[in-house]
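Descriptive analysis of the structure
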Amino acid sequence: MRITKYLLLLSFYLILSNSAFAQSSNSGSVTGTVVNTEGQGIPNATVAILPEDPESEELLKGTASDPDGNFKISIEPGTYRLRITFVSLNTYLTEIEVTSEETIALGQIEMQERQEELDEVVVRGERSYVEMNFDSRRFNVGEDVASLGGSALDVLDNVPSITTDFEGNISLRGNQGVQILINGRPSNLVRGGTDGLSSIPASLIQSVEVITNPSARYEAQGTAGIIDIILVDNAQLGFNGNVQVTTGYPLDSSVSTNLNYQKNSINWFFNLDVEYENQPETGSAFQSFSADTTYLFSEENDVSEKEREGNIFFGADFFLPNDQILTASSRISLERGDEDGDLLYTDFNPPANQIYRSINNNWDILRQIDRENIEDTRGRDLDVRLQYENRFEGDEHRLTADFDFEFGSESEDFLQTGVTEIGTSDFNDRRTFSDEEYREIRFDTDYERPLGDNGRFETGMRINYEWEDNDFISEEFIDGVWTEPESEFTLSDNFTYIENVNALYAIYSGEAGGFTYQAGLRAENTNIETELDLAGTQSSQNYTNLFPSLFLSYTISEQNSVQLSYSRRISRPWSRYLLPFTEIRDSRNRRVGNPDLDPEIGNSYELGWLRRWESGSILTSFYYRYRTGVIEDVYTIDGDGITTRFPINLATEDAWGVELSVDQDLFEGFQLSGSLNLFQSESEGEFEGELYESSSESFTGRLRVRYRFLESWNFQSNMFYRGPRETTQGRRGGSTSFNAGISKQLLDGKARLSLNVRDLFNSRNADREVIRETSYTNNNYSWSSRSFRVSFQYNFNSEGRR
């Protein structure tokens, strides 16, 4: 792709054109932690050492704070000025005197919000929407008006690098091997997919951190990287909180509250969310098959899906002596869903034995069947968690531990009935019952401390045990009696899945002149056992993998820095891919899991250039990723026109690309941010003697506009485009969407009224083609239509958000 080559050459030129400054000796050092007024670490704050002369702006040494706000600079003995800057915060400036072999520990440095007077109205400064680092980008979505009243899925839809599809899959830079964390830890909300993210209200999300090349401290799961959803923390003295009421069209209503009470050494918190929604979904399909037989049919699908959800999250932080914190919390989630779908199948009689890609309305109709699907789902989840933190010597020497126990159940009753309107059919009514229970226990502990003047050592361990038990019953209505079907695809059985992952890791990092480096190694042992009770089949896997990570950064100047990184990661299949039961929601299309799936292994390399200036920043990243055992769904068609879809470890993949992320304040109150990801991938695999391969070029782009005006108004819009892409079995079409929202502060800033619209032009559709030697299939789905939401939020005993 020519544009990719030009961007690569341009970006390399910009990197190389910045002059480097000479390295200095490491006779003394300065350490500290940059925090905001709430005590939270500020990543990417610019730390600079300047000459003692206040008239001189010569940069002698510089660095950026790490994700926790920590920094360390080594410099020759002497008297200097230390300056710390961050967008929207007041500059911190102090004088320091460094002596030989001395470490000056400044401790926590609190950065105050910048205040400006405009016509005697005080405008409170705020954190930039995007905070860029090499291996991560933090998007502060708490003020995302376009997502208000929605869920975590709506928030992720507006975050650069992230894309979602109609099946709930989340991709990062085009790769679905994503690990999703909540407050830095795994959660059973995403244990078998991402549907559980709909239970997290957007109002409870403070930020989303995208980590494209994680270090060894993180669990190795996810070849594409990590998406960390950070929830709101309202820990303030006294009583504070907010209440939010939302309604929308199509029907989407919710009530939520977020309460916090802190007195003395205890901070209590309580979150409640209740939601009801009724969302329409539409879809269509066309399939032509020609081999030993020839057939052609179309399918129209209209679904009405109702969901009722309730979530309670509560707990307390106990501030113990000697900088120790103990947090006890629990979450209770209840869900009930009803789905009523209408499927209309039409079989045509084409004039010739060949493969067609469209329907001629003049063809004769052989058969037309109208089928109704009725589904009832129920779910409950309980989570109990204990967290401990001990800061021995400030922020740089600490021990953390996390114990989590989660259990729950999911049930699904499904009924399919049908009426033959034209022609004849041997279709029988069908029903299935699925009941699943699960348990998960996880324990993590991490320890980190400084070593010498420039070094830092981290180590930790994880124990994770997961158990799932799924009962599946399938029946057909034959001669007035519900009986088990004869088809082997829909046999009833009990499936048990046990996964135990144990891990150890160690990381060492340090500085040398303008360079910072980090080397880490993580070892994970995985033990998986599955069993089909009635079939009497069992399988087991036991393997140990090593996952190294390497990072090398160089600070060219206060405004420019570069980093080279490498990591090795794994993607174990989700539980929904493993269930060996057949979904029969669509009698012409079946989906069955594969309990014998192996994990994907990925190796990622990345080169990044970060350029900052007073009003914005740009991050240019060049990346290459190599994956083996890539899991893909394979489609097979039998002589009766039934398509069966099942996952296998199909291919190896080479993928490379360039991603640009820009954040810019254009003028007072107007912010513009955007991203562009251009990538190419080549995949190749073989199944049952048939070669599956693809070479694809594609890109995704996002643009976000935010404008504050007339003191209390806030307008935001988000535009997204995903280009078409070739796959190993066909083609996936492009997709585009436009979201916008506007809000108004009321009651002296204590309340906010907002209106937003999602998918304004009703253009967010999924178009997929499967092209094989003997068949052609086209599927087109719209999993959500244009929607409008109105939200009212009231804040009490605290300043209203802007």
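Predicted, not measured: the structure shown is a model, and the values here were computed from it.

Rules and cut-offs
- Residues numbered from 1 in each chain as written.
- Predicted model: local features only at pLDDT ≥ 70, side-chain atom pairs only at ≥ 80, totals over all residues.
- Heavy atoms only, no water.
- Helix = DSSP H or I, 4+ residues; strand = E, 2+ residues; numbered from the N terminus.
- Buried < 20%, exposed > 50% of the residue type's maximum accessible area, 1.4 Å probe, protein only.
- Lys, Arg positive; Asp, Glu negative; His and termini not counted.
- Salt bridge = Lys/Arg side-chain N within 4 Å of Asp/Glu carboxyl O.
- Contact = heavy atoms within 4.5 Å.
- Patch = residues over 30% accessible without salt bridge, like charges linked within 9 Å, V, L, I, M, F, W, Y side chains within 5 Å.
- Areas by Shrake-Rupley, 256 points an atom, 1.4 Å probe, with all protein chains shown as cover.
- Pairing = 2+ DSSP bridges.
- Axes fitted to C-alpha atoms, helices over the stretch in contact; angles between N-to-C directions.
- Core = buried A, V, L, I, M, F, W, Y, C linked by side-chain atoms within 4.5 Å.
- Charge placed at Lys NZ, Arg CZ, Asp CG, Glu CD.
- Phe/Tyr/Trp six-rings, centres within 6.5 Å; stacked < 30°, edge-to-face > 60°.
- Lys NZ or Arg CZ within 6 Å of the ring centre and 35° of its normal.
- pLDDT = per-residue confidence, 0-100.

**Some remarks on the side chain of E309**
As for its placement among the helices and strands, E309 is situated in strand 20 (residues 294-320). In this structure, E309 is buried with no salt-bridge partner, the nearest side chain bearing the opposite charge being R331 at 9.8 Å. Dropping the residues within four chain positions of it, E309 is found in contact with S198, S199, D273, V274, E275, L334 and E335.

**Thoughts on the pattern of salt bridges**
Pairs can form between side chains of opposite charge once their charged atoms are near each other. Summed over all chains, the structure comprises 33 salt bridges. When the shortest N-O distance is used, the salt bridge between E458 and R217 registers 2.8 Å. Linking E458 in strand 25 (residues 455-478) with R217 in the loop between strand 15 (205-211) and strand 16 (225-231), this pair joins segments that are 241 residues apart in sequence. Judged by its relative accessible area of 5%, E458 falls in the buried class. For the salt bridge of E448 with R456, the shortest nitrogen-to-oxygen distance reads 2.3 Å. Take R456: its relative accessible area is 13%, and that puts it in the buried class. Look at the salt bridges and you will find they share partners, linking E219, R385, D402, D404, R442, D444 and R462 into a network.

**Describing a nonpolar patch on the surface**
Among the surface-exposed residues, Y249, L746, L747, L753, L755, F788, V790, F792 and Y794 lie close enough to one another that they form a single nonpolar patch of about 810 Å² accessible area. The set of elements that each furnish at least two residues to the nonpolar patch consists of strand 42 (751-758) and strand 45 (787-796). For the nonpolar patch, the leading source of residues is strand 45, giving 4 residues. Tracing the backbone through its elements, the reader meets F788 in strand 45.

**Concerning the environment of W613**
Mapped onto the elements, W613 comes out in strand 33 (residues 600-613). A residue is classified by how much of its surface remains accessible, and W613, at 31% relative accessible area, is partly exposed. Each C-alpha atom of the pair W613 and N560 lies 9.1 Å from the other, and the pair is 53 residues apart in sequence. Ignoring sequence-local partners within four residues, the contact set of W613 consists of I618, D663 and Q664.

**Things to note about unusual backbone geometry**
Y249 connects to P250 through a cis peptide bond whose omega is -5 degrees. Among the secondary structure elements, P250 is positioned in the loop between strand 17 (238-249) and strand 18 (252-263). With a phi angle near 55 degrees, L747 is a residue other than glycine that sits in the positive phi range. When you line up the elements, L747 lands in the loop between strand 41 (735-746) and strand 42. A relative accessible area of 54% means that L747 is categorised as exposed. Despite not being glycine, N762 shows a phi value in the positive range, around 55 degrees. Relative to the helices and strands, N762 is located in the loop between strand 42 and strand 43 (766-772). Taking the relative accessible area as the measure of exposure, N762 reaches 35% and is therefore partly exposed.

**Section: the sheet that holds strand 1 (residues 28-35)**
Spatially, the 3 strands line up as an open sheet ordered 4-1-7, and their pairing is mixed. Whereas interior strands pair on both sides, the edge strands pair on one side only; in this sheet they are strand 4 (70-75) and strand 7 (103-110). Averaged over all neighbouring strand pairs, the angle between strand axes comes to 15 degrees, with direction disregarded. In the sheet, strand 1 pairs with strand 7 via 6 bridges, with the strands oriented parallel. By the bridge assignment for strand 7, S29 is matched with T103.

**Re the pairing of strand 24 (residues 430-451)**
For a regular strand, the rule is simple: side chains alternate between the two faces of the sheet. Note that strand 23 (residues 398-422) and strand 24 share 19 bridges and pair antiparallel. Directly across from D413, in strand 24, lies its bridge partner F433. Pairing geometry for strand 24 and strand 25, over 22 bridges, is antiparallel. Across the sheet, Y438 pairs through a bridge with E468, a residue of strand 25. Connecting strand 24 to the next strand, strand 25, in antiparallel fashion are 3 residues, including G452 with a positive phi near 65 degrees.

**Regarding the nonpolar core**
Counting residues in each nonpolar core, the largest one holds 21 residues, and the members touching the most others are I162, L197, I205 and V208. Elements with a contribution of two residues or more to this core: helix 2 (152-156), strand 13 (170-172), strand 14 (178-182), strand 15 and strand 16. For V208, the residues in contact, after removing those within four places along its chain, are R137, R138, F139, V141, V155, L156, V159, I227 and D228. Of all hydrophobic cores here, the second largest spans 19 residues; its members include V34, I49, F71 and Y80.

**Brief notes about a negative patch on the surface**
A cluster of acidic residues, E300, D302, D340, D342, E372 and E421, forms a negative patch at the surface. Broken down by secondary-structure element, the contributors of at least two residues to the negative patch are strand 20 and strand 21 (324-349). Examined against the element boundaries, E372 turns out to sit in strand 22 (residues 364-391). You can call E372 partly exposed: its relative accessible area is 31%.

**Details of the packing of aromatic side chains**
The final tally for this structure, using the stated rule, is 27 aromatic pairs. One aromatic cluster in this structure is built from F667, F670, Y707, F709 and W713. Across from the ring centre of F427, 3.9 Å away, lies the NZ or CZ of R371, which sits over that ring. In this arrangement the basic side chain of R588 is found over the ring face of F297, its NZ or CZ atom lying 4.7 Å from the centre.

**Examining the sheet that holds strand 2 (residues 46-51)**
Read across the sheet, 4 strands follow the order 3-2-5-6 without closing on themselves; strand pairing throughout is antiparallel. Because the sheet does not close on itself, it has two edges, and the strands there are strand 3 (61-64) and strand 6 (89-98). On average, adjacent strands in this sheet sit at an angle of 20 degrees to one another, irrespective of strand direction. Note: strand 2 against strand 3, 4 bridges, orientation antiparallel. Residue pairing across strands places V47 opposite T63, the latter belonging to strand 3.

**Observations concerning the confidence of the model for the protein chain**
Chain-level pLDDT for the protein chain is 84 on average; 89% of the residues reach the 70-or-more range. Here residues 1-25 scores under 50 on pLDDT; set against residues more than four positions off or in separate chains, the count is 43 contacts. Note that pLDDT drops below 50 for residues 115-127; the model gives that stretch 30 contacts with residues more than four away or on any other chain.

**Remarks on the environment of F667**
Turning to its location among the elements, F667 is positioned in strand 35 (residues 643-667). Take F667: its relative accessible area is 48%, and that puts it in the partly exposed class. Expressed as a C-alpha distance, the spacing of F667 and Y707, which sit 40 residues apart in the sequence, is 9.5 Å.

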